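# Architecture and fold: a report
Each chain, letter by letter, is given below.
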Amino acid sequence: MKLNHARFLNRLETLAQFGASGVFKGVVRPAYSEPDLAARDWIAQEMEQIGLEVQFDPVGNLFGLTEGQSILLGSHTDSQPQGGWLDGALGVIGALEIAQASMEAGGPPISVVNFQDEEGRFGVTTGSAIWSGVLPLEQADRIVDARGESFAQARSKLGTRAQGWVDPARFSAFLEMHIEQGPVLDQRELGIGVVSNIVGIRDMRVQIDGEQNHAGTTPMSMRKDAFQALASFAVTLNAKIASYVTHETVWTIGHVDLVPNAASVVPGTVTFSMQWRDASLARLDQIQDCIFDTLQMVCAEHGVTFSCSEPLGIVPTQMDQSVQTALQHAAQELTPSLWIDMPSGALHDAANVAKLMPTGMLFVPSIGGLSHTFTEHTDPKDLFRGLDVLAAGVTRLWRRNSFPSHIA
Ligand code: HGY
Ligand code: MN
Ligand code: MN
């Protein structure tokens, strides 16, 4: 197939206009926002123009379908509150280019998907988690975002776009190209990462309730200060888990909502996000136990109480060997000295889709390892190289028909 790099880059630049932040090439395109839905509608038009059959499912996952059995390529175009122009977008636009080039070349058959809410405005990789059965729709509908809007309310904005579910059995494999969002390829001046595995993740909301009071007249010994309890929790947790975490283990308190968030008031309530990731399921469990133990201990010390939402998560996931092999051979053929096998510290839709079909991922470098920020960027030559290797891997996979027997 003959890939058109200019057409591919032009589509990426066009997509970056939907929700453009005005800072570098950054975007603000949270799931179900006006720019997110406008971007999906534009991609649906591009799918139609290529000759794919367009189908939004009930939660807004957007599919461009070719007839019969096909290989599914894609990612997501929703963004973090302050997102980069390539996170997810690269995989969807790369899929469109390969689908179009393969149409023009008479095969292999390629379908395209743009998953919804991978960035977890409502949970964790929500759209693909629902499609793959990891997250029941009824449970997802009850999840509320930081402003209190429910998933059910948000997805109702799809209006008449929403149609039925797409049957995963029509796909033989799923491949996702993505920026690394980390420093490895950039620091080692490499161009391609063939992903071996994706870490597991857990994410929950914690609320600490103390006593709101006057910041001038309330003696320190009488305070039930929710912020002080949070601060003490964070420091105590770091010390307690240091003994069994690895260099790859990460844990983050990224969102904090202090009430009433006023300089002369002792905060009575704090709600915060607690997220942790590791390649080992056992360590994810260990960290969860430690979080609860530390909350219990610290809240008792501060005379406050806490409550937690049910942790949402994705288990650590291995990429399919036959898909990895096809990508490794393609990388060796096209960029012999510029590729490595590597794990993913970021979560991706591929972690969910791997439950349904043979799945693999390909990384390209992130300059400075930066992502989830407006200044996220990748040199176009690395984008083109990733597209070429992905297309070669897909062709190899289809030609050798090297799918496990249970896949048609
Ligand atoms: O957080 C993640 O790993 C993904 O980018 N949503
Ligand atoms: Mn992503
Ligand atoms: Mn992301």
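Fair warning: this is a prediction, and the values are worked out from it, not measured in the lab.

### Section: the packing of helix α10 (residues 321–334) against helix α12 (residues 380–400)
- It is the contact of α10 with α12, at a shortest axis distance of 8 Å, that shows an interaxial angle of 125°. As the angle between them shows, α10 and α12 are arranged oblique. When you trace α10 past α12, the crossing you get is right-handed. Between α10 and α12, the residues in contact are Ser322, Val323, Ala326, Leu327, His329, Ala330, Ala331, Glu333 and Leu334 and Asp388, Val389, Leu390, Ala392, Gly393, Arg396, Leu397 and Arg400, respectively.
- Broken down by class, the residue content of the contact of α10 with α12 amounts to 10 nonpolar, three polar and four charged.

### A look at the site of ligand 1
- Inspection of the region around ligand 1 gives Glu118, Glu119, Gln181, Arg277, Ala346, Leu347 and His372 as its neighbouring residues.
- For ligand 1, an oxygen atom lies 3.0 Å from a polar atom in the side chain of His372.
- For ligand 1, whose accessible area on its own is 220 Å², the fraction buried by protein is 90%.
- Class assignment for the residues of the shell around ligand 1 results in two nonpolar, two polar and three charged.

### Side note on the coordination of the manganese ion (ligand 3)
- Coordination of the manganese ion (ligand 3) by the protein comes from Asp87 (OD), Glu119 (OE), Glu119 (OE) and His372 (NE2), over a distance range of 2.1 to 2.6 Å.
- Written as a sequence motif, the donor arrangement for the manganese ion (ligand 3) is D-x31-E-x252-H.
- Between the manganese ion (ligand 3) and the manganese ion (ligand 2), the interatomic distance is 3.4 Å, and Asp87 donates to each metal, bridging them. Of the two residues, Asp87 is situated in the loop between β3 (70–76) and α3 (89–105) and His372 in the loop between β17 (359–364) and α12; the sequence distance between them amounts to 285 residues.
- According to the relative accessible area criterion, His372 is partly exposed, its value standing at 39%.

### Side note on the side chain of Ser344
- Relative to the helices and strands, Ser344 is located in strand β16 (residues 339–344).
- Within the local environment of Ser344, its side chain forms a polar contact with the side chain of His348, the two groups lying 3.3 Å apart.
- In this structure Ser344 touches Val195, Asn197, Ile198, Val199 and Phe363, once residues within four positions along its chain are discounted.

### Here's the deal with unusual backbone geometry
- Residue Pro108 follows Gly107 across a cis peptide bond; omega there is 0°.
- Tracing the chain through its elements places Pro108 in the loop between α3 and β4 (110–115).
- Look at the link from Val259 to Pro260: it is a cis peptide, with omega at 10°.
- Relative to the elements of secondary structure, Pro260 occurs in the loop between β10 (256–259) and β11 (265–266).
- Positive phi, close to 50°, is recorded for Glu189, a residue that is not glycine.
- Among the structural elements, Glu189 can be located in the loop between α7 (184–187) and β6 (192–198).
- Since its relative accessible area comes to 68%, Glu189 is described here as exposed.
- A positive phi angle, near 55°, is found at His372, a position not held by glycine.

### Looking at the coordination of the manganese ion (ligand 2)
- Every protein donor of the manganese ion (ligand 2) is accounted for by His76 (NE2), Asp87 (OD) and His178 (NE2), and the metal-donor separations fall at 2.1 to 2.3 Å.
- Taken in chain order, the donor set of the manganese ion (ligand 2) reads H-x10-D-x90-H.

### Some remarks on the domain arrangement of the protein chain
- Annotation of the protein chain at the domain level lists domain 1 (5–199 + 316–401) and domain 2 (200–314).
- The distance between the C-alpha centroids of domain 1 and domain 2 comes to 33 Å.
- With 18 residues of domain 1 at the interface, the matching set in domain 2 holds 14 residues.
- Carbon and sulfur atoms make up 71% of the area that domain 1 and domain 2 hide from each other, which totals about 1,100 Å².
- Of all residues in domain 1, Val124, Val199 and Pro316 bury the most surface against domain 2, accounting for 47% of the area lost on that side.
- There are zero salt bridges connecting domain 1 and domain 2.
- Here domain 1 and domain 2 share one residue pair in polar contact (both at pLDDT 80 or more) between them.

Rules used throughout
- Each residue is numbered by its place in its chain's sequence as written, counting from 1.
- By the order in which they are written, chains take letters starting at A while ligands take numbers starting at 1.
- Residue-level local features of this predicted model are given only where pLDDT is at least 70; pairs of side-chain atoms are given and counted only at 80 or more, and the full residue set underlies all totals for whole chains, interfaces and linings.
- Side-chain figures throughout are based on the complete set of non-hydrogen atoms in the structure, without hydrogens or water.
- To get an axis, fit a line to the C-alpha atoms, keeping to the stretch in contact for a helix; angles then go from 0 to 180 degrees between the N-to-C directions.
- Only DSSP runs of H or I covering at least 4 residues are called helices, and only runs of E covering at least 2 are called strands; the numbering of each starts at the N terminus.
- Orientation is classified from the angle alone, with under 35 degrees giving roughly parallel, over 145 giving roughly antiparallel, 65 to 115 giving roughly perpendicular, and any other angle giving oblique.
- Left-handed describes a crossing whose near helix is turned anticlockwise from the far helix by less than a right angle; the clockwise case is right-handed.
- Two residues form a contact once any of their heavy atoms are found within 4.5 Å.
- Put simply, Ala, Val, Leu, Ile, Met, Phe, Trp, Tyr, Cys and Pro go in the nonpolar bin, Asp, Glu, Lys and Arg in the charged bin, and everything else, Gly too, in the polar bin.
- It suffices for a single heavy atom of a residue to lie within 4 Å of a molecule or strand for the residue to be listed as near it.
- In the analysis that follows, any N or O atom pair within 3.5 Å is treated as a polar contact, provided that within protein one partner can donate a hydrogen and the other can accept it, and provided that, for residues neighboring in sequence, both atoms belong to side chains.
- With residues, only the protein chains shown are counted as cover, and all accessible areas are computed by Shrake-Rupley using a 1.4 Å probe.
- We call an atom a donor if it is N, O or S and sits within 2.8 Å of the metal, or 3.2 Å for Na, K and Ca. Water is not counted, so some sites may look partial.
- To sort residues, take the accessible area from a 1.4 Å probe on protein chains only and compare it with the maximum for the residue type: under 20% means buried, over 50% means exposed, and anything in between is partly exposed.
- Source of the domain bounds: an automatic or database domain assignment.
- Buried area: the accessible surface (1.4 Å probe) lost by two parts on joining, summed over both.
- What makes a salt bridge here is a side-chain nitrogen of Lys or Arg within 4 Å of a carboxyl oxygen of Asp or Glu, nothing more.

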